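A structural walkthrough
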Amino acid sequence: MASPSLPIAITLGDVAGIGPEIIAKAFRDSSAQMHDCVVVGDVAAMQRAVDVLAQVQPDAPRVQVLPVTQLRELSHARSAMRMPVLQVSQVLGAAQLPAWGQISAVAGALAADSVVWAANAALRGEVASLVTAPLHKEALAAAGVPFPGHTEMLQACAALHMGVAVDDLPVRMMLANPELRTVLVSIHVSLRDAIETVTVENVLQTLRITHQAELRATGRPPHMAVAGLNPHAGEGGLMGREELDILIPALQQARAEGLHVSGPFAPDTVFMRARAKPGQAGEFDVVIAMYHDQGLIPVKYMGLDQGVNITLGLPLIRTSVDHGTAFDIVGKNIADPSSLLAAIALADRLASQHEHPNQPVINH
């Protein structure tokens, strides 16, 4: 892991979902990788997850939940099969925990408290990086949280810390696995609103953010492919003019700034062209998608086990699983921690690269 003095903070996500369960499995099955991690959230929720794993798999090793009140206590907590948990909001007893698989304002508030605490700790330099388990957007709304998801919440925390307006700290979502990387122009908005966000400035801003993030991570400028908004990338204006009026001017400006960018390409083929295969790199390093599902469906279709969500543009390192709360399987010992472990591994590599800025850490 990156540094024994700076832990990786893992937020527990929605306690009614699989977040606590996959975290407990990660500590149980991959204790060496979790050595410098601390769970930010709720002790009772993590104890419940450990207990149910013991019930459904009694012969498996049992993780010990170790409550901590301050980060400096972690030096005494680091040992195999111990899971340090930092309580960051009102203490919940087992009877107060929201039921599994149900949308709850309590769960939404706890998830938000965990993210805000961990984000501020990362901004203060008290943790090396931040890894988030899945939260539920309806639970956030039920709790009155004024953000639709992690990305917007982290953006607001960072902007407040830096003393700038949220609009002056643009961020983007990248979803990545070993085969494909994609970055979104818009994130958690309706499709109708997403189309309105496809402007020359927003596309150009996405290209700039992606270029800088990839350059820092790999040590070389990325070759970015831009997906069209319309079928067949508009067919020269026959199926929409956004490519002609917006995307091509944005690409021309990006090239004038020295960015390596191609497109716009038909969105139904560009992801296949960018996909890496065993022993063979893809044609492009990353695809710029115009809206949420255009970019995320191809990556998630390849499998959720190695997918990682990365927030670009923040003054902190944040990675996340690329799946949701999975209310339908929580508590059944089905949930797979692979995406969480991949997110932790990437967060650790990025933190190490931050300490050694000339060291590439992301391989395409």
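Structure: above.
Residues numbered from 1 in each chain as written. Predicted model: local features only at pLDDT ≥ 70, side-chain atom pairs only at ≥ 80, totals over all residues. Heavy atoms only, no water.

All right, on to helix α3 (residues 105-123) then. For α3, built from 19 residues, the straight-helix expectation of 27 Å at 1.5 Å per residue is met to within 8% by its first-to-last C-alpha distance of 27 Å. Here α3 starts with a cap whose side-chain oxygen sits 3.1 Å from the backbone nitrogen of Val106, and that cap is Ser104. At the exit of α3 stands Gly125, carrying a positive phi of roughly 80°. (Helix = DSSP H or I, 4+ residues; strand = E, 2+ residues; numbered from the N terminus. Expected span 1.5 Å × (residues − 1). Polar contact = N/O pair within 3.5 Å; in protein donor to acceptor, adjacent residues only side chain to side chain.)

Among the secondary structure elements, Asn177 is positioned in the loop between β6 (172-176) and β7 (181-184). From its side chain, Asn177 meets the backbone nitrogen of Glu179 in a polar contact 2.7 Å long. At 2.8 Å, the side chain of Asn177 and the backbone nitrogen of Leu180 are in polar contact. Residues in contact with Asn177, not counting those within four places in the same chain, are Val299, Met302, Gln306 and Gly307. (Contact = heavy atoms within 4.5 Å.)

Every α-helical turn comprises 3.6 residues, leaving residues that sit three or four positions apart pointing alike. For helix α5 (residues 150-162), built from 13 residues, the straight-helix expectation of 18 Å at 1.5 Å per residue is met to within 8% by its first-to-last C-alpha distance of 18 Å. Burial runs high along α5: 10 of the 13 residues are buried. Those residues of α5 not exposed but buried are His150, Thr151, Glu152, Met153, Leu154, Gln155, Ala156, Cys157, Ala158 and Ala159. If you follow the buried residues of α5, they end up packed against α3, β5 (129-132), α4 (137-142), β6, β11 (308-312) and β12 (318-321). Of the residues trailing α5, Gly163 is marked for its positive phi of about 75°. (Buried < 20%, exposed > 50% of the residue type's maximum accessible area, 1.4 Å probe, protein only.)

Taken in spatial order, the 12 strands line up as β3-β4-β2-β1-β5-β12-β11-β6-β7-β10-β8-β9 in an open sheet, and their pairing is mixed. At either end of the open sheet lies a strand with only one pairing partner, and these are β3 (64-68) and β9 (260-265). If you compare each strand with its neighbour and ignore which way they point, the axes differ by 30° on average. Strand direction decides the pairing type here: β11 and β12, joined by three bridges, are antiparallel. Bridge pairing in β12 places Ile310 opposite Thr319. (Pairing = 2+ DSSP bridges. Axes fitted to C-alpha atoms, helices over the stretch in contact; angles between N-to-C directions.)

Looking now at the side chain of Ser114. Relative to the helices and strands, Ser114 resides in helix α3. What makes Ser114 buried here is its relative accessible area of 0%. At a separation of 3.5 Å, a polar atom in the side chain of Ser114 contacts the main-chain carbonyl oxygen of Val40. Leaving out residues up to four positions away in the same chain, Ser114 has contacts with Thr11, Leu12, Val40, Gly41 and Val88.

Running from amino to carboxyl end, α3 crosses α5 at an angle of 40°, the nearest separation of the two axes being 10 Å. Viewed along their axes, α3 and α5 adopt a mutual orientation that is oblique. With respect to the hand of their crossing, α3 and α5 are arranged in right-handed fashion. Of the residues in α5, those in contact with Ala112, Val115, Val116, Ala119, Asn120 and Leu123 of α3 are His150, Met153, Leu154, Cys157, Ala158 and His161. (Parallel < 35°, antiparallel > 145°, perpendicular 65-115°, else oblique. Left-handed = near helix turned anticlockwise from the far one by under 90°.)

On to the nonpolar core, then. Membership of the largest hydrophobic core comes to 71 residues, with the highest contact counts inside it found for Ile10, Ile23, Met83, Leu207, Met290 and Leu340. For this core, the leading source of residues is helix α11 (residues 338-355), giving nine residues. If near-sequence neighbours (up to four positions away) are discounted, Leu207 is found in contact with Met224, Val226, Ala250, Leu251, Ala254, Leu259, Val261 and Ile288. (Core = buried A, V, L, I, M, F, W, Y, C linked by side-chain atoms within 4.5 Å.)

Of all five residues in strand β8 (residues 223-227), five are buried, a share of seventy percent or more. What you see with β8 is no split at all: His223, Ala225 and Ala227 on one side and Met224 and Val226 on the other are buried throughout. In this structure, β8 lies alongside β9, joined through four bridges in parallel fashion. Bridge pairing in β9 links His223 to His260. Handedness of the crossover is the feature at issue here: the chain leaves β8, passes through helix α8 (residues 242-256), returns alongside β9, and the resulting connection is right-handed. Examined bridge by bridge, β8 and strand β10 (residues 286-289) share three bridges and lie parallel to one another. Bridge pairing links Ala225 to Val287 in β10. (Right-handed = clockwise from strand over helix to strand, strands pointing away.)

Taken as a whole and judged by the stated rule, the model has one aromatic pair. Arranged with centres 5.3 Å apart and planes meeting at 35°, the rings of Phe265 and Phe284 form a pair that is tilted. Of the two residues, Phe265 sits in strand β9 while Phe284 sits in the loop between α9 (270-274) and β10, which places them 19 residues apart along the sequence. The residues Phe265 and Phe284 share a single accessibility class, namely buried. (Phe/Tyr/Trp six-rings, centres within 6.5 Å; stacked < 30°, edge-to-face > 60°.)

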